[in-house]
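# Working through the structure, step by step
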Number of protein chains: 4
Amino acid sequence: MQLGMVGLGRMGNYMVQRLMRDGHECVVYDAKPESVADLVGKGAVGTASLEEFVLKLSRPRAVWLMLPAAITDKVIAQIVPLLNDDDIIIDGGNSYYHDDIRRGAELISKGIHYIDVGTSGGVFGLERGYCLMIGGEKGIVQSLSPIFASLAPGQGEIAPSAGRDAPAQSTAEQGYLHCGPHGAGHFVKMVHNGIEYGLMAAYAEGLNILKHANIGAATHEVDAETAPLAHPEHYRYDFNLSDIAEVWRRGSVITSWLLDLTADALHADPVLTKYAGRVSDSGEGRWTIMAAIDESVPTPVLSAALHGRFSSRDNDEFANKVLSAMRAGFGGHVEKPKG
Amino acid sequence: MQLGMVGLGRMGNYMVQRLMRDGHECVVYDAKPESVADLVGKGAVGTASLEEFVLKLSRPRAVWLMLPAAITDKVIAQIVPLLNDDDIIIDGGNSYYHDDIRRGAELISKGIHYIDVGTSGGVFGLERGYCLMIGGEKGIVQSLSPIFASLAPGQGEIAPSAGRDAPAQSTAEQGYLHCGPHGAGHFVKMVHNGIEYGLMAAYAEGLNILKHANIGAATHEVDAETAPLAHPEHYRYDFNLSDIAEVWRRGSVITSWLLDLTADALHADPVLTKYAGRVSDSGEGRWTIMAAIDESVPTPVLSAALHGRFSSRDNDEFANKVLSAMRAGFGGHVEKPKG
Amino acid sequence: MQLGMVGLGRMGNYMVQRLMRDGHECVVYDAKPESVADLVGKGAVGTASLEEFVLKLSRPRAVWLMLPAAITDKVIAQIVPLLNDDDIIIDGGNSYYHDDIRRGAELISKGIHYIDVGTSGGVFGLERGYCLMIGGEKGIVQSLSPIFASLAPGQGEIAPSAGRDAPAQSTAEQGYLHCGPHGAGHFVKMVHNGIEYGLMAAYAEGLNILKHANIGAATHEVDAETAPLAHPEHYRYDFNLSDIAEVWRRGSVITSWLLDLTADALHADPVLTKYAGRVSDSGEGRWTIMAAIDESVPTPVLSAALHGRFSSRDNDEFANKVLSAMRAGFGGHVEKPKG
Amino acid sequence: MQLGMVGLGRMGNYMVQRLMRDGHECVVYDAKPESVADLVGKGAVGTASLEEFVLKLSRPRAVWLMLPAAITDKVIAQIVPLLNDDDIIIDGGNSYYHDDIRRGAELISKGIHYIDVGTSGGVFGLERGYCLMIGGEKGIVQSLSPIFASLAPGQGEIAPSAGRDAPAQSTAEQGYLHCGPHGAGHFVKMVHNGIEYGLMAAYAEGLNILKHANIGAATHEVDAETAPLAHPEHYRYDFNLSDIAEVWRRGSVITSWLLDLTADALHADPVLTKYAGRVSDSGEGRWTIMAAIDESVPTPVLSAALHGRFSSRDNDEFANKVLSAMRAGFGGHVEKPKG
């Protein structure tokens, strides 16, 4: 079927390519003409303005926005006056689901349908397919099935869970799912990312323990400011982290795609020299914790993962100074200089 | 090659079966004659005593112990007097690596070699193979390669990480790895389990957020003891957790074997009625945190996962009573009865 | 000076009493006539309606609201039409500081001044005084100084910090402080409560460790679902928690008012039988974490304290069921029944 | 009564001074002659060797060791051959209670009594008195009561908890307490320090939130690596942390000695320039968590405080690099340089 795509960064570009491989017609627009040109070269219908973009789409139009969350509302405001009744806007970016709920209600009052799609898969999505979590009106979602089916990975080599296969229980086995009304797609994607933070931190902390397993071999300072290592003979291992990540990929309980990526990175550079360890967080992890708090659902693990990212950027500095000041106050403790 | 197996519970039994499939000769012993008989029926050489067991093995003997950690030392004490120089004891159970270090040193003084093997794969290992993390003397580990290679999953459909394949970098691509000296195998397995706790908690907390995403639909009490839900309209989703786990299995960043198992469980019973939520922990998770503390390595996420298990068994009860007593003290707050 | 008080629950009642002791004239109103009557008996000017209440106040009026946060906006909407230019509304309840910022801007456009006051001190405030954290226009705050000074504890026996005393650095030494513009008072009070959660949890967890210090004396199950206790001889203490809390009150680093309250409670009932351990949280603790997340400030300790309260109310139940389902899936583990 | 003190660092020196003020006779020894000379100048009986030290004490001797934990066993080994039946060794340092249990059993077999004393009070103890937590044989503890009573703060201005005063319930009201058999004193002190870590972190995190409350006033980067700040207007406060700490000292729920110290430090230097924020931990905090884990007691808050200290010393660096490597792997995310 026909789809219009606005926003041709890496994600938008790859999605258009994946759709065209499956025979869909893609009309594309981006503020950068070279981004449009690139996809025209691959078979897309290019446009030079939002007006032209809308004109080249057949009604009811399906307009997929793949934009930074910060400008999505602005583009929606520009495009809505150009649309007609029953046209569809699909937000495939990383919007906060609160905004989906608001937009869904606003747009339906103007006769426009709104669909929110949480998209996971990252830079591998072009080949691997995108896991799609979808929110909005059921009938509209169904009308877009051909698009979702092409973007999603399909069943592939991943067998359905026991009992799901005959007959198929839902489109989940194909890698896309209508999760609920407006915002449901981004809500599920938000939680997906919250989980992702926790998974990543679990591997990272475990590998860090392995990394420091030779601490007993080092000379250990004996002073009142250094906790004693009672049994240095227990910490004399020089582990090959790359090999360990690789062996865990086969048959262990902790196999995962994130582990695959970690093994790749550790083989390329076992000490990860090129990273400083300042870890960004980009919205969903925070919103996940805020949702958990609103729901009174305990998330100590996911929270610890988020706060660890804040600390990785030294945002704990003043708090740590307060601790040192207290220790100086009650015990006369003087900070040890950086080793 | 020939291997002797002592301890024929599910793990020992499956390992013997997997070895025999690959043509290895297995001499087996268990205190329960019926466990021996079962494997004799499948082709193993059965024995009725440790003495007979040792006699039926060719020197240098390779004796694999697959026992509860609590009795491993006792069985080692029984079998060592029956062994000869250069015989090998392999502990494939869940020993604490401290014990491996001690045993390795003790046994080498008696001319016996000791190998520790951390084994992951659970009840699926018979078909899927076991991920093996191995500690001990390098030459001895190499001499046992045929055994390890048969127990391990092999490369299978899991491609080696980029750059590892030609030539092979280590046996890690086959699913087994010599990690270092005595204790190294169980150390790596310990950390593996520590990571496992963190991964599991990340999924569980995320799914719990989805589970409670309809809290805004419920009537919400308005009293001073209940924090207000400012925006109930943001929490009116009835998510199908089974479908969501299934869709995440395809193309998302959080695909993993643990997610596969979770999707299976949620499809079989979306509300998990048969579980009470009292979660055991069986040693490695605790030891992981203790090692991290010895090493001064921060593990806030793995720790939170462990403490969550303790709380799942209501071990936080007295602490919570103290909180309620304080609140009554300074604010006159009265506990709300269970909802 | 004269102050009008709306909302005569325990907090409002005590504040009026404390103000009258210092010679202030208090005009009072509450929807419940008996609450008004009680204070009239103690010397206050009672009123039977908001209209009468406003009429009995001299201009510029100072109206202190001591209401549940949920109804504060409603009462403000009722009273504002009755007020005149330069009248002052003071919200001494537990409002979210976001609401203060909004209200402050709305009211100033109507010529009304708005002051937010975070109040700590609980049921002891009548005798001990209230710690007041104040937000709003500086001049207005200063005009209310006599009220704040009477409500606050004053310097009392607590010496100013080194260097603060001559001359006084601020009103902080008297127990009240203008913290900043609209919302600043409730922001500081919010963080105060966030800290309070962390402090409380620290004591509660520590006492819980002491409570279980005799675990080595008990018979300990030996099964694969119970982590072994390697050294039961280290856990054979029967501690008297009441005595320990009492001794810590004198000369230790952890003396505090919360410890005083805990010692009281433990002496009255060392096992705290009357509490179930279901711990409420009432807004500020949540908002604190949300503010920290907005600021990217790591708060792992305060967060853990909040999530512990959620778990105390069994909101971790479904997450724990997921963990048990996973363990059954990969390891065939069966939950142990409640001990 | 007479007491021998070995180890005349600041703690030992102050304790001797405090004891002599109350009329006790102190025989003192330290490897550094100048430390001995200082106390001789204040009235103590100085000695030049352990032999002379023992000879100058009357039987049954009471020998208090105030030594770094790392050398306590060595000094005990030197002094025990010089002692006689029924002499008493008191360890007032920061020993691990495991060592107390071992020493208590070893020494009793030699006719020597062993007492462990956990001591809190820090550098203020000389004037403020020391909170003493005592383990060992009851009769021996009682025989040392005059010493303990002089070192402890006494009841002072701190009223006993309700119901404890008439008659006195224990010596806890005087600031010292026999907590149980060998190791009980250091066990209780260990947990005291574990709590201390939690309390300190609670204040530090809360103050850090206040410190960053003006983040909305700054220009905020808009890029995919920076989580958006939805409402900058909520974060435009420039708080005076020194004043806030001071006001909390009066009448608030979070008054404490640690807050007093914090207020002092913040008044002296509101930005704590002289501290780098590398926070040591010196044993007890770690042991507390290990004990909690052995007991299966959840301590998420105390654990988070400990792990925060590890992170303050950048021990999370490799873990954070792993996170950045994963993010680069799945999303092509590039680390932002340090702001």
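Residues numbered from 1 in each chain as written. Chains lettered and ligands numbered in written order. Predicted model: local features only at pLDDT ≥ 70, side-chain atom pairs only at ≥ 80, totals over all residues. Heavy atoms only, no water.

### Focus on the packing of helix H9 (residues 184-211) of chain C against helix H13 (residues 300-312) of chain C
Residue and element names in this part refer to chain C. It is the contact of H9 with H13, at a shortest axis distance of 8 Å, that shows an interaxial angle of 75°. Judged by the inter-axis angle, H9 sits roughly perpendicular to H13. When H9 is examined against H13, the residues Gly194, Ile195, Tyr197, Gly198, Met200 and Ala201 are found in contact with a partner set consisting of Leu302, Ala305, Leu306 and Arg309. Grouping the amino acids of the contact of H9 with H13 by side-chain chemistry returns seven nonpolar, two polar and one charged. (Axes fitted to C-alpha atoms, helices over the stretch in contact; angles between N-to-C directions. Helix = DSSP H or I, 4+ residues; strand = E, 2+ residues; numbered from the N terminus. Parallel < 35°, antiparallel > 145°, perpendicular 65-115°, else oblique. Contact = heavy atoms within 4.5 Å. Nonpolar A, V, L, I, M, F, W, Y, C, P; charged D, E, K, R; others polar.)

### A word on the interface of chain B and chain C
Facing the 67 residues of chain B at the interface are 67 residues of chain C. Of the roughly 5400 Å² buried between chain B and chain C on both sides combined, carbon and sulfur atoms contribute 65%. There are zero salt bridges connecting chain B and chain C. Applying the counting rule to chain B against chain C returns twelve residue pairs in polar contact (both at pLDDT 80 or more). At the level of secondary structure, the elements contributing two or more residues to the side of chain B that touches chain C comprise helix H9 (184-211), helix H11 (257-268), helix H13 (300-312) and helix H14 (317-331) of chain B. Per-element accounting of the side of chain B that touches chain C gives the leading share, 14 residues, to H14(B). Considering only residue class, the side of chain B that touches chain C consists of 32 nonpolar, 19 polar and 16 charged. (Buried area = accessible area lost by both parts, 1.4 Å probe. Salt bridge = Lys/Arg side-chain N within 4 Å of Asp/Glu carboxyl O. Polar contact = N/O pair within 3.5 Å; in protein donor to acceptor, adjacent residues only side chain to side chain.)

### Regarding the interface of chain B and chain A
Contact residues are listed per partner, giving 93 residues for chain B and 93 residues for chain A. Contact between chain B and chain A buries roughly 7800 Å² in total, counting both sides, with carbon and sulfur atoms accounting for 65%. Applying the counting rule to chain B against chain A returns four salt bridges. A salt bridge links Asp243(B) to Arg164(A); the nearest nitrogen and oxygen atoms lie 2.5 Å apart. A per-element tally of the side of chain B that touches chain A places H9(B) first, with 17 residues.

### A word on the relation of the copies chain B and chain A
Two copies of the chain are present, and they differ by a rotation about an axis and a shift along that axis. Least-squares fitting of chain B to chain A yields an RMSD of 0.0 Å, with the transformation described by 0.0 Å of translation along the axis and a rotation of 180°. Here the copies are linked by what is in effect a two-fold axis. Across chain B, the smallest distance between a C-alpha and the rotation axis is recorded for Ser256(B), namely 1.9 Å. (Least-squares fit on C-alpha atoms with pLDDT ≥ 70 in both.)

### Thoughts on helix H12 (residues 284-295) of chain C
Taking 1.5 Å of rise per residue, twelve residues should cover 16 Å, and H12(C) covers 16 Å from first to last C-alpha, within 8% of that figure. For H12(C), the tally of buried residues reaches eleven of twelve residues, placing the bulk of the element in the interior. For H12(C), the complete set of buried residues consists of Glu284(C), Gly285(C), Arg286(C), Trp287(C), Thr288(C), Ile289(C), Met290(C), Ala291(C), Ala292(C), Ile293(C) and Glu295(C). Summarising the contacts, the buried residues of H12(C) are in contact with helix H12 (284-295) and helix H13 (300-312) of chain A, H9 and H13 of chain C together with helix H9 (184-211) of chain D. (Expected span 1.5 Å × (residues − 1). Buried < 20%, exposed > 50% of the residue type's maximum accessible area, 1.4 Å probe, protein only.)

### Some points on the side chain of Asp316(C)
With respect to the element layout, Asp316(C) can be found in the loop between H13 and helix H14 (317-331). Summary of buried charges: Asp316(C) has no salt-bridge partner, and the nearest side chain of opposite charge, Arg278(C), is 8.8 Å away. (Lys, Arg positive; Asp, Glu negative; His and termini not counted.)

### Quick look at the relation of the copies chain B and chain C
Superposing chain B onto chain C takes a rotation of 180° plus a shift of 0.0 Å along the axis, which leaves an RMSD of 0.0 Å. Comparing interface residues between copies, 100% of those in chain B also lie at the interface in chain C; the contact surface is shared.

### Describing the nonpolar core
For soluble globular proteins, nonpolar side chains are generally found buried alongside one another. Counting residues in each nonpolar core, the largest one holds 268 residues, and the members touching the most others are Trp248(A), Trp248(B), Trp248(C) and Trp248(D). With residues near it in sequence (within four places) discarded, Trp248(B) still touches Cys131(A), Met133(A), Val188(A), Val191(A), His192(A), Ile195(A), Leu207(B), Leu210(B), Ile254(B), Thr255(B) and Leu259(B). (Core = buried A, V, L, I, M, F, W, Y, C linked by side-chain atoms within 4.5 Å.)

### Re helix H1 (residues 10-21) of chain B
Residues and elements named next belong to chain B. With twelve residues, H1 extends 17 Å from end C-alpha to end C-alpha; this agrees with the ideal 16 Å at 1.5 Å per step. Buried within H1 are the following residues: Gly12, Asn13, Met15, Val16, Gln17, Arg18, Leu19 and Met20. The positive-phi residue at the C-terminal boundary of H1 is Gly23, with phi of around 95°.

### With respect to the packing of aromatic side chains
Under the defined criterion, the tally for this structure stands at 48 aromatic pairs over all chains. When the ring of Tyr97(C) is compared with that of Tyr235(D), the centres are 6.4 Å apart and the planes differ by 75°; the resulting orientation is edge-to-face. In this pair, Tyr97(C) sits in helix H5 (residues 97-108) while Tyr235(D) sits in the loop between H9 and helix H10 (241-248), so the two residues belong to two different chains. Here Tyr97(C) and Tyr235(D) have matching classes, each one buried. A network of ring pairs unites the aromatic residues Tyr96(A), Tyr97(A), Phe187(A), Trp287(A), Tyr235(B), Tyr237(B) and Phe239(B) as a single cluster. Between Arg128(A) and the ring centre of Trp257(A), over which it is positioned, the NZ or CZ distance is 3.6 Å. (Phe/Tyr/Trp six-rings, centres within 6.5 Å; stacked < 30°, edge-to-face > 60°. Lys NZ or Arg CZ within 6 Å of the ring centre and 35° of its normal.)

### With respect to the domain arrangement of chain A
All names here are of chain A. Here chain A is partitioned into domain 1 (2-155 + 168-181) and domain 2 (189-239 + 276-331). For domain 1 versus domain 2, the separation of C-alpha centres amounts to 38 Å. When domain 1 packs against domain 2, the two sides together hide about 640 Å² of surface, and 66% of this comes from carbon and sulfur. On the domain 1 side of the interface with domain 2, the three residues burying the most area are Asn94, Tyr96 and Met133, jointly 61% of the side's total. Applying the counting rule to domain 1 against domain 2 returns zero salt bridges. Scanning the region where domain 1 abuts domain 2 turns up one residue pair in polar contact (both at pLDDT 80 or more). (Domains from an automatic or database assignment.)

### Focus on unusual backbone geometry
Residue and element names in this part refer to chain B. The omega torsion across Arg59 and Pro60 is -10°, close enough to zero to call that bond cis. Position of Pro60 relative to the elements: it lies in the loop between helix H3 (50-55) and strand S4 (62-65). Its identity is not glycine, yet Ser296 carries a phi of approximately 60°, on the positive side. Position of Ser296 among the secondary structure elements: in the loop between helix H12 (284-295) and H13. For Ser296, a relative accessible area of 11% corresponds to the buried category.

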